[in-house]
Amino acid sequence: MKQIKHLLLGWVALTYSSLGQAEIHYKIGISDSFQPFNYRDEDGELKGFNVDIAKALCSDMKVNCEFVVTPFPKVIPALERGSIDFATSNFLITPERAKRINFSDKYYRSTTSLIGSIDNAHQNPNEVLQDSSVSVATQQGSMQAKYLKNNSLAQVKEIKSIGAGLELLRQQQIDYLIAPTLFALNFLQKSENADLDFIGNPIDHPNLSGTVHIGISKHRPELKAKLDQAIFNILENGQLRIIINQYFPFDVYWHHDNTETTNQTAIGTFRRTAYR
């Protein structure tokens, strides 16, 4: 019965309503693939950093918002069609994406790391990716997938979600996973993954690090200004910091205003915890 409930919830949009202007209604694209950004709890409810950010923004804008569960590779096409209005889906801005969708101001910062066996933690990730004998998983449609196609000799396996890739890694069906550092941090902190680790430092490439933004449909040109103001408001009133503190052990918005420093802090925090 629980499995049936979970499947039904996967197809039904989850609704979050704020007080105020009920006539304004936005559909938010979000995946349910991985903690701590977006996932389902044991009751099938959507939870996570991106979920709480979206709720706070909708409350600040005094609008009704409806979550539409959308796999990451399908988010941009859905925004292009106008079937969703915006998406808290961890977007880095690229020229290609900017032709298809609009972007809000930043709501956190990110880099990319390689994850694999703890025995290989000392290796240089760039050198690992030039080894044609190793297999590396990456999320379909991601900037990491594009990077591997253009910069790696490794055997690339595209998967539907980062969570699925981490499970393949744990089962030793792949050698490595390339993913946003903060996604991997939550996974690596679990005791059952004690034999896995970050491989070296975050990968130094401009397409794999930077500020993270909300994707906005070009069918809703007025929405960018509203979301930018709402992001500013929750930053100023402390709501953003409260949400960040619920999910991360350091400030992922400011932290020296430097992406590389932020995510090296993530790796350092994990390693200090793991090896105490």
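Above this text sits the structure in question.
Throughout what follows, the structure given in this document is the object of discussion. The residue count restarts for each chain, going from 1 along the sequence in the order it is written. It should be noted that, the model being predicted, local features are given only for residues of pLDDT at least 70 and side-chain atom pairs only at 80 or more, the latter also being counted only at that level, while totals for whole chains, interfaces and linings use all residues. Working from all heavy atoms in the structure, the side-chain values ignore hydrogens and water.

**Some thoughts on the overall build of the protein chain**
1) Next: By the criteria applied, helices consist of DSSP H or I runs no shorter than four residues and strands consist of E runs no shorter than two, each listed in order from the N terminus. Across its full length, the protein chain carries 11 helices and 13 strands.
2) Next: Every one of the 276 residues in the protein chain was classed for burial, and the buried ones make up 51%.
3) Next: A contact between two residues is defined here by any heavy atoms of the two lying within 4.5 Å. When contacts within the protein chain are restricted to residue pairs at least 6 apart in sequence, those whose partners lie at least 24 apart make up 71%. Here's how the labels work: a residue is buried when its accessible area is under 20% of the maximum for its type, exposed when over 50%, partly exposed in between, all with a 1.4 Å probe on protein chains only.

**Topic: the side chain of Asp 251**
1) Next: In this structure, Asp 251 sits in the loop between α10 (239-247) and α11 (259-274).
2) Next: N or O atoms closer than or at 3.5 Å make up a polar contact, with two conditions inside protein: a donor-capable atom paired with an acceptor-capable one, and, for residues adjacent in sequence, both atoms drawn from side chains. Within polar-contact distance, the side chain of Asp 251 engages the backbone nitrogen of Tyr 253 at 2.8 Å.

**Focus on the state of the cysteines**
1) Next: For this text, the term disulfide refers to a pair of cysteine sulfurs within 2.5 Å. This model, assessed by the stated rule, comprises 1 disulfide.
2) Next: For Cys 58, the disulfide goes to Cys 65, at an S-S distance of 1.9 Å. A torsion of -95° about the S-S bond marks the disulfide between Cys 58 and Cys 65 as left-handed.
3) Next: Using a relative accessible area of 0% as the deciding quantity, one classes Cys 58 as buried.
4) Next: A relative accessible area of 1% places Cys 65 in the buried class.

**Points about the nonpolar core**
1) Next: Among the buried residues, those of types Ala, Val, Leu, Ile, Met, Phe, Trp, Tyr and Cys that are joined through side-chain atoms within 4.5 Å form a nonpolar core. Core analysis: the biggest nonpolar cluster contains 55 residues, and Phe 49, Leu 57, Phe 86, Tyr 108, Leu 177, Ile 214 and Leu 227 have the highest contact counts within it.
2) Next: A per-element tally of this core places helix α2 (residues 49-61) first, with 8 residues.
3) Next: Residues in contact with Phe 49, not counting those within four places in the same chain, are Pro 36, Phe 37, Tyr 107, Tyr 108, Ile 243, Ile 244, Tyr 247 and Phe 248.
4) Next: Listed in part, the 14 residues of the second largest apolar core include Leu 114, Met 143, Leu 148 and Ile 199.

**Side note on the side chain of Ser 113**
1) Next: Looking at the secondary structure, you find Ser 113 in strand β8 (residues 112-117).
2) Next: Taking relative accessible area as the criterion, Ser 113 reaches 1% and is therefore assigned buried.
3) Next: Within the local environment of Ser 113, its side chain forms a polar contact with the side chain of Thr 181, the two groups lying 2.8 Å apart.

**With respect to unusual backbone geometry**
1) Next: Even without being a glycine, Lys 62 presents a positive backbone phi close to 60°.
2) Next: Locating Lys 62 in the fold gives a position in the loop between α2 and β5 (63-69).
3) Next: We note that Gln 172 has phi near 60°; this positive angle belongs to a residue other than glycine.

**Here's the deal with α10**
1) Next: Restricting attention to buried positions, one finds in α10 the residues Leu 240, Ile 243 and Ile 244. Across the axial projection of α10, the buried residues extend over an arc of 100°, all falling on one side. For α10, the exposed residues lying more than 90 degrees away from the buried face are Ile 242 and Gln 246. Along the arc lie the directions from the helix axis toward the C-beta atoms.

**Some words on the sheet that holds β8**
1) Next: Each pair of strands is called paired provided DSSP finds at least two bridges between the two strands. One open sheet accounts for 5 strands, arranged β10-β9-β11-β8-β12; its pairing is mixed. One side of each edge strand has no neighbouring strand; the edge strands of this open sheet are β10 (155-159) and β12 (196-198). Taking each pair of neighbouring strands and ignoring which way they run, the sheet shows an average axis angle of 30°.
2) Next: Of the strand pairs in this sheet, strand β9 (residues 135-139) and β10 are connected by 5 bridges, and their pairing is parallel. Each residue of the ladder has a partner; that of Ser 135, found in β10, is Gln 155.
3) Next: Taken strand by strand, helix α7 (residues 162-170) contacts β8, β9, β10, β11 (176-180) and β12, and its axis lies near 150° from that of β11. To get an axis, fit a line to the C-alpha atoms, keeping to the stretch in contact for a helix; angles then go from 0 to 180 degrees between the N-to-C directions.

**Quick word on the environment of Pro 206**
1) Next: Inspection of the secondary structure assignment puts Pro 206 in the loop between β12 and β13 (210-216).
2) Next: Placed 95 residues apart in sequence, Pro 206 and Thr 111 show a C-alpha to C-alpha distance of 9.2 Å.

**A short note on the pairing of β13**
1) Next: Counting buried positions along β13 gives 6 out of 7 residues, so the element sits mostly inside the fold.
2) Next: Both strand β6 (residues 86-92) and β13 contribute to a ladder of 4 bridges, which runs antiparallel. Counterpart to Ala 87 in the pairing with β13 is Gly 215.

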